[in-house]
Amino acid sequence: MEELFCIGCGAPIQTENKEGLGYTPQSALEKGLEIGEVYCQRCFRLRHYNEITDVHLTDDDFLKLLHEVGDSDALVVNVVDIFDFNGSVIPGLPRFVAGNDVLLVGNKKDILPKSVKDSKVTHWLMERAHEEGMRPVDVVLTSAQNKSAIKDLMEKIEQHRKGRDVYVVGVTNVGKSTLINAIIQEITGDKDIITTSRFPGTTLDKIEIPLDDGSYIYDTPGIIHRHQMAHYLTAKNLKYVSPKKEIKPKTYQLNPEQTLFLGGLGRFDFIKGEKQGFTAFFDNELKLHRTKLEGATAFYDKHVGGLLTPPNSKEKEEFPPLVSHEFTIKDKTDLVISGLGWIRVNGEARVAVWAPEGVAVVSRKAII
């Protein structure tokens, strides 16, 4: 019998090992063959019940895949999350794709306030890419969620691939599979072929999408970033780190020695400087709480899981402790908690940003 692959995640279908990749019960397989839609059990549950089951892919598997990309003559489409650029960069990508052209796709542009001009974001992304040692041939902004700019993206892919295959790469949670679904729909008219979800690590093996000239677009598994906030939250609270709507910035006038809690997920201390406004860019539902810097640690210990959520009372047992990162700011700067959002500091200040241990905090030139 010819080998079958799950049309959701690309894993080879098997009916023996319940814990293994591509498992589907025999009865479900027969039903799937009848209607011409074979999904593994994991993708079936994900599509119909939004349930995820863990599948363990090693970092070595990802490295092997990146080497495969580097060894082929192809256009590499690198999807990053505009909302979390630093958290969505693949470490060492320029080294792996050596010699291949890279088209940088900034996804989730709909999350940024509408007042932000595309040209500014494009320029800003190009600058950040250069800092990471990447030299993209072009930058495209998209929103996979609302199918924005998919035609533009396809035109850019056609322009830059010059008859070659295309590899789409990205870390988990950047919206890569949603984007691939939009591309498939653009090419064929089919809706939602690939499993999409907010959960890290959905695509398990590369998926091939044929193009008219005999070349392929390959969708590859999301590369897992250990310092993404998403890895520390349960499904219910992932919405706080994967905003789906345009974020509404909130500005707080703070005096020195005041603290802003970001739910229970992080904290911002204004240590020293003139009274000024700090603008917070986070999911609209994340509750921010202002208090005094003195006693803030005790306040957090007392209220995390209650007044300060997420994490909720159950999650807080597993939640990593918050770690402080200090910054001396001279001019307009974003201080970013990877995967959560950022606070814009407008003037001179000494501040500390607290994030869960293992989650990256970086400063960058203000995007807005």
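The structure we're discussing is the one just above.
Definitions and cut-offs
Residues numbered from 1 in each chain as written. Predicted model: local features only at pLDDT ≥ 70, side-chain atom pairs only at ≥ 80, totals over all residues. Heavy atoms only, no water. 1 Å grid on protein atoms, 1.4 Å probe; cavity = no way out; pocket = protein on both sides within 12 Å on 5 of 7 lines; lining within 4 Å. Points joined across faces, edges and corners; volume = space filled by probe spheres on them. Helix = DSSP H or I, 4+ residues; strand = E, 2+ residues; numbered from the N terminus. Nonpolar A, V, L, I, M, F, W, Y, C, P; charged D, E, K, R; others polar. Phe/Tyr/Trp six-rings, centres within 6.5 Å; stacked < 30°, edge-to-face > 60°. Buried < 20%, exposed > 50% of the residue type's maximum accessible area, 1.4 Å probe, protein only. Lys NZ or Arg CZ within 6 Å of the ring centre and 35° of its normal. Salt bridge = Lys/Arg side-chain N within 4 Å of Asp/Glu carboxyl O. Pairing = 2+ DSSP bridges. Axes fitted to C-alpha atoms, helices over the stretch in contact; angles between N-to-C directions. Polar contact = N/O pair within 3.5 Å; in protein donor to acceptor, adjacent residues only side chain to side chain. Contact = heavy atoms within 4.5 Å.

Right, let's talk about empty space enclosed by the protein for a bit. For the structure on display, the rule yields two cavities of 30 Å³ or more. Approximately 40 Å³ is the volume attributed to the second largest cavity. In terms of lining, the second largest cavity is formed by Leu-262, Arg-267, Phe-268, Phe-282, Leu-335, Ile-337, Ile-343 and Val-353. For the lining of the second largest cavity, the secondary-structure elements that each account for two or more residues are β9 (266–272) and β13 (333–337). Residues of the lining of the second largest cavity, tallied by class, amount to seven nonpolar, no polar and one charged.

It is worth spelling out the packing of aromatic side chains at this point. Counted by the stated rule, this structure contains nine aromatic pairs. With centroids separated by 5.9 Å and ring planes inclined at 20 degrees, the aromatic side chains of Phe-261 and Tyr-300 adopt a geometry described as stacked. Highlighted residues: Phe-261 in strand β8 (residues 258–262) and Tyr-300 in helix α8 (residues 296–303), separated in sequence by 39 residues. One exposure class covers both Phe-261 and Tyr-300, and it is buried. Ring pairs connect the aromatic residues Phe-83, Phe-281 and Trp-342, which therefore count as one cluster. Note that Arg-267 overlies the ring of Trp-354, its terminal NZ or CZ placed 4.0 Å from the centroid.

Right, let's talk about the pattern of salt bridges for a bit. Applying the stated criterion across every chain yields a total of 18 salt bridges. If you follow the salt bridges from partner to partner, you end up with Glu-127, Arg-128, Glu-131 and Lys-365 in one network.

Across the junction of Thr-309 and Pro-310, the peptide omega takes the value -15 degrees, indicating a cis bond. Topologically, Pro-310 is positioned in the loop between α8 and β12 (322–329). Positive phi values are uncommon outside glycine, yet Lys-108 reaches one of about 70 degrees. Its location among the elements puts Lys-108 in the loop between β2 (102–107) and α5 (118–131). In this model, Glu-257 sits at a positive phi of 65 degrees, which is unusual for a non-glycine residue.

The next subject is the sheet that holds strand β16 (residues 361–365). Pairing within the open sheet is antiparallel, and its five strands lie in the order β7-β10-β14-β13-β16. In the strand order of this sheet, the two ends are held by β7 (250–254) and β16, each with one partner. Ignoring which end each strand starts from, the neighbouring axes of this sheet average 25 degrees apart. Across four bridges, the pairing between strand β10 (residues 276–281) and strand β14 (residues 341–345) is antiparallel. Bridging from a neighbouring strand, Ala-280 pairs with Ile-343 of β14.

Bringing the side chain of Asp-219 into the picture now. Within the secondary structure, Asp-219 is located in strand β6 (residues 216–219). Relative accessible area serves as the criterion here: at 0%, Asp-219 is assigned to the buried category. A distance of 2.7 Å separates polar atoms of two side chains, one belonging to Asp-219 and the other to Lys-176.

Turning to the sheet that holds β2, a few remarks are in order. The mixed open sheet is built from six strands, whose spatial order is β3-β2-β1-β4-β6-β5. The open sheet has two edge strands with one neighbour each: β3 (138–141) and β5 (207–210). Each adjacent strand pair in this sheet contributes to an overall mean axis angle of 20 degrees, direction not counted. Its contacts with the sheet place α5 against β1 (74–81), β2 and β3, and it is angled at close to 130 degrees to β3. Running at roughly 170 degrees to β2, helix α6 (residues 150–161) makes contact with β1, β2, β3, β4 (165–169) and β6 of the sheet.

Taken by themselves, the reported measurements are silent on function.
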